[in-house]
Amino acid sequence: MEEFIKALRASEVRVSPAEAIDAHRALMEVGYGDRTLVRDTLCITLAKSEVEVDRFDEVFDAFFSRDAFRPESRSAPAGEDGAPSGAAESPSDLPLAQMLLEGDTISLNQAMEAAARRARSTDVRLNTQRNLLSRRILDEMGLRELEELIQRLREMGMPRDDALADRLAERREALFEEASRFVDRQMMLYASETGRRMRETLLGQTKLTGVEPEDMRQMEALVKRMAKRLATRYARKRHRADKGKLDVRKTIRKSMGYGGIPFNIVWKSETIEKPKIVAIVDVSRSVAAAAQFMLLFLYSLNEVIEKLEAFAFSDRLIRVGDILENEDLDSAIPSIIKKIGMRPTDYGRALVDFTELHRADLDRHTTVIILGDGRSNYSNPRLDIMREISRRARAVIWLNPEPETYWGQGDSRMDQYKRFCSVAKVCNTLNQLERIIEDVLRTYMPR
């Protein structure tokens, strides 16, 4: 049970110490005889959501299943498993050699399980540990002594000894294959999620403009999980805040009809306004990848954000909220790029279009987030419009995928735009994007 719970935790099924105790107690009641009953009992005790139920089923099937041991089951001919000519010890003196010669697959399975515990196979985390763990398990089973016996038999030089050595060597090779299969199972149970988390950690640090095509799906899933984590965190805080503080005066007044017993509690509830966010995204070729992930991230936060307006631009600016809301990501981003992307960037023209489309809706509850490199091909940057947006909005946050040392170089007007920004930061990884968006939510949500 300890190893099974460890496998569940490795697959991101959260099991507390109290739940582990409950699982042990439940098994004491139902026993181990009925596999379906054991599965249902543990699932009810340990899995707490649909996702965890699916993961529980996968781990249960893998953990409580064993493939048949494959070494040849043919026993040694009579008289051939005794002491060879002139040998100081016979194969029967070595448990591993005896099990291999007799084809005792049940004992071999049990011996490998016990050896795996001694070798701490449940601590495996990395794929590079695979061969080392296989060797440790085999050594715990007595492989070194088996190899020494094979070597001594070959040194005898007698035909009977050579035949016995060949038979043991053949079964040893099959044992290597069994140990490799066993370690593959241990890797799946205890290390598969570790590898995924390490990969996601690296992807979180990868520049958004440099994501490889084969990593796009995993990056999209990572973006959604990050957004869900923030949404859950701030939704929980909002739920506590909705209770407010006890309104003693109103509670006493409502209790008069019950002899002063406070059946109806009245709270001083605080009205919490969700943030309104406007995203203005540069979809020119140099920042298109970063724009895709930012829009996906923001839209995944829709349970926290009261109103999200999205705009995209290169030389002109258009609304893209309907496209992102009505189409899936695979078709939405190409559709936006086809409509407005991959053209010479004109920030001044885009700001003019934005004021025409959305100026009346800007207020002190709106946070404007701009994602772009601030490079306007030497056109008029329209700093006057940036000043007005800064004055009307609660905050203006500019996320620039370029290093800060590039700001103001060449056709970059970022050094001028940042004067009208509440925050202007480099943002070219998912980790940076998550931290900045969390800062925005923290500004609106109470502690």
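Residues numbered from 1 in each chain as written. Predicted model: local features only at pLDDT ≥ 70, side-chain atom pairs only at ≥ 80, totals over all residues. Heavy atoms only, no water.

**Student:** Help me out: how do you make sense of the packing of aromatic side chains in this one?
**Tutor:** The description of an aromatic ring pair rests on the distance of the ring centres and on the angle between the ring planes. On inspection of all chains with the given rule, the structure shows 12 aromatic pairs. Between the aromatic rings of F313 and Y347, the centroid separation amounts to 4.9 Å while the plane-to-plane angle is 80°, which identifies the pairing as edge-to-face. Here the residue F313 occupies a position in strand β4 (residues 307-313), and Y347 occupies one in helix α16 (residues 347-358), the gap between them amounting to 34 residues. By the burial criterion, F313 is buried, and Y347 matches it. (Phe/Tyr/Trp six-rings, centres within 6.5 Å; stacked < 30°, edge-to-face > 60°. Helix = DSSP H or I, 4+ residues; strand = E, 2+ residues; numbered from the N terminus. Buried < 20%, exposed > 50% of the residue type's maximum accessible area, 1.4 Å probe, protein only.)

**Student:** How should I be thinking about the environment of E52 in this particular structure?
**Tutor:** Examined against the element boundaries, E52 turns out to sit in helix α4 (residues 50-63). C-alpha separation for the pair E52 and S11, spaced 41 residues apart in sequence, amounts to 8.9 Å. Those residues in contact with E52 that lie beyond four places of it in its chain are E12, V13, R14, L46 and A47. (Contact = heavy atoms within 4.5 Å.)

**Student:** Please clarify how unusual backbone geometry should be interpreted in this entry.
**Tutor:** Backbone phi values are negative for most residues with the exception of glycine, while trans is the configuration of most peptide bonds. For N377, which is not glycine, the phi dihedral falls at a positive 55°. Its location among the elements puts N377 in the loop between β6 (366-371) and α17 (383-392). Under the relative-accessibility criterion, N377 is labelled partly exposed at 41%. Here R382, not a glycine, exhibits a phi torsion of approximately 50°, which is positive. Tracing the backbone shows R382 in the loop between β6 and α17.

Shape is all these values report; function is a separate question.
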